Amino acid sequence: MCIRDRFFNIIATMFLTTFVFAGSATLSLTNFNEDAGSVDVYMVNDTPVGGVQFDLTGLSGMSVSGGTAASAGFTVSTGGSTILGFSFTGATIPVGEGVLFSVSGNPTGDNLCLSLGNGAISDSNGIAQDVTFGDCVSVGDNPVTGCTDSNACNYNPEANEDDGSCDFGDVC
């Protein structure tokens, strides 16, 4: 086999490994306690995780503790809305699901939302995983206006404040 063919095989293997075998992770917020200013970040991952970096908005002055990140020996720090976690020893968070860590801070009045920002969730080789985020968590009195009557044509099951727009027409 010539050098060109070997080079092609190596490049093809790297390409397929990166795109075909890339893992995935889903992050969501659970156990929000507005009075205490705390929330858990829950992760489901199908590949061992070697590092995390993402944003959490809606809290200021954040601190992070516990969870599978602590169990794996990760060092986790925060700055602004960014949370960064990794292991100096190369440890990983195993495949599975559970509380990644608990976050405490001062609610800003905005909803709590996770986003990738400029970060990534990566495996032990530094390969970024596909990331999905759960819904934002509502803070305070954030009314959703709409028709709250389930018998109306334009009933909005997410509405928690009726705005008087209910339509009881003959054809829905």
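Residues numbered from 1 in each chain as written. Predicted model: local features only at pLDDT ≥ 70, side-chain atom pairs only at ≥ 80, totals over all residues. Heavy atoms only, no water.

Participant: Can you walk me through the pairing of strand β1 (residues 24–33) in this structure?
Facilitator: Every other side chain in a regular strand lies on the same face of the sheet, so the side chains alternate between the two faces. Pairing of β1 with strand β9 (residues 130–133), which is carried by four bridges, proceeds in the parallel orientation. Note that in β9 the partner of Thr-26 across the bridge is Thr-132. Sheet topology note: the β1/strand β2 (residues 38–45) ladder contains seven bridges and is antiparallel. Counterpart to Ala-25 in the pairing with β2 is Asn-45. (Pairing = 2+ DSSP bridges. Helix = DSSP H or I, 4+ residues; strand = E, 2+ residues; numbered from the N terminus.)

Participant: It is not clear to me how the environment of Gly-85 should be interpreted in this structure. Could you clarify?
Facilitator: Mapped onto the elements, Gly-85 comes out in strand β6 (residues 82–86). Each C-alpha atom of the pair Gly-85 and Phe-74 lies 6.0 Å from the other, and the pair is 11 residues apart in sequence. When neighbours within four sequence positions are excluded, Gly-85 is seen to be in contact with Gly-51, Val-52, Phe-74, Thr-75 and Val-76. (Contact = heavy atoms within 4.5 Å.)

Participant: Quick question: what am I supposed to make of the sheet that holds strand β8 (residues 113–122) here?
Facilitator: Strands belonging to one sheet form pairs held by backbone hydrogen bonds; the direction of such a pair is parallel or antiparallel. If you walk across this open sheet you meet the four strands as β5-β6-β3-β8, and the pairing is antiparallel. The two strands at the open ends of the sheet, each matched to only one other strand, are β5 (75–79) and β8. The mean angle between the axes of side-by-side strands here comes to 15 degrees, regardless of whether they run parallel or antiparallel. Note: strand β3 (residues 51–57) against β8, six bridges, orientation antiparallel. Across the sheet, Gln-53 pairs through a bridge with Ala-120, a residue of β8. (Axes fitted to C-alpha atoms, helices over the stretch in contact; angles between N-to-C directions.)

Participant: I tried to follow the side chain of Ser-122 on my own but got confused; where do I start?
Facilitator: For Ser-122, the position within the fold is in strand β8. The contacts of Ser-122, once residues within four sequence positions are left out, are Pro-48, Val-49, Gly-50, Gly-51, Ile-127, Ala-128 and Gln-129.

Participant: What exactly am I supposed to notice about the packing of aromatic side chains here?
Facilitator: Here a ring pair, both rings aromatic, is described through the centre-centre distance and the interplanar angle of the planes. This model, assessed by the stated rule, comprises two aromatic pairs. Ring geometry for Phe-54 and Phe-101: centres 6.1 Å apart, planes at 10 degrees, overall stacked. Here Phe-54 is found in strand β3, whereas its partner Phe-101 is found in strand β7 (residues 96–107), with 47 residues between them in sequence. Where Phe-86 meets Phe-88, the ring centres are 4.9 Å apart and the plane angle is 70 degrees; that geometry is what we call edge-to-face. Its relative accessible area of 68% is what places Phe-88 among the exposed residues. (Phe/Tyr/Trp six-rings, centres within 6.5 Å; stacked < 30°, edge-to-face > 60°. Buried < 20%, exposed > 50% of the residue type's maximum accessible area, 1.4 Å probe, protein only.)

Participant: Sorry, what's going on with the nonpolar core here?
Facilitator: Within soluble globular proteins, side chains that are nonpolar generally end up buried alongside one another. Membership of the largest hydrophobic core comes to 25 residues, with the highest contact counts inside it found for Phe-54, Leu-56, Leu-100, Phe-101 and Val-103. Broken down by secondary-structure element, the contributors of at least two residues to this core are β1, β2, β3, β4 (59–65), β7 and β8. Excluding its chain neighbours within four sequence positions, the residues that come into contact with Leu-56 are Leu-29, Val-39, Met-62, Ser-81, Ile-83, Val-103, Leu-112, Cys-113 and Leu-114. (Core = buried A, V, L, I, M, F, W, Y, C linked by side-chain atoms within 4.5 Å.)

Participant: Would you explain the sheet that holds β4 in this entry?
Facilitator: Ordered in space as β4-β7-β2-β1-β9, the five strands form an open sheet in which the pairing is mixed. Here the strands that pair on one side only, and so sit at the sheet edges, are β4 and β9. The sheet shows a mean angle of 30 degrees between the axes of neighbouring strands, direction not considered.

Participant: I'm lost on the state of the cysteines in this one. Help?
Facilitator: Disulfides are covalent bonds that connect the sulfur atoms of two cysteines. Scanning all chains against the criterion turns up two disulfides. In this model Cys-113 forms its disulfide with Cys-136; the gap between the sulfur atoms is 2.0 Å. Note on the Cys-113 and Cys-136 pair: the S-S dihedral is about 120 degrees, so by sign convention the disulfide is right-handed. Note that Cys-113 is positioned in strand β8 and Cys-136 in the loop between β9 and β10 (145–146), a separation of 23 residues in sequence. When its relative accessible area of 42% is taken as the criterion, Cys-136 is described as partly exposed. Disulfide pairing is shown between Cys-147 and Cys-166; the S-S distance is 2.0 Å. Taking the sign of the S-S torsion, 105 degrees for the link of Cys-147 and Cys-166, the bridge is right-handed. (Disulfide = S-S within 2.5 Å.)

Honestly, that's just the spatial picture; any functional story needs more than this.
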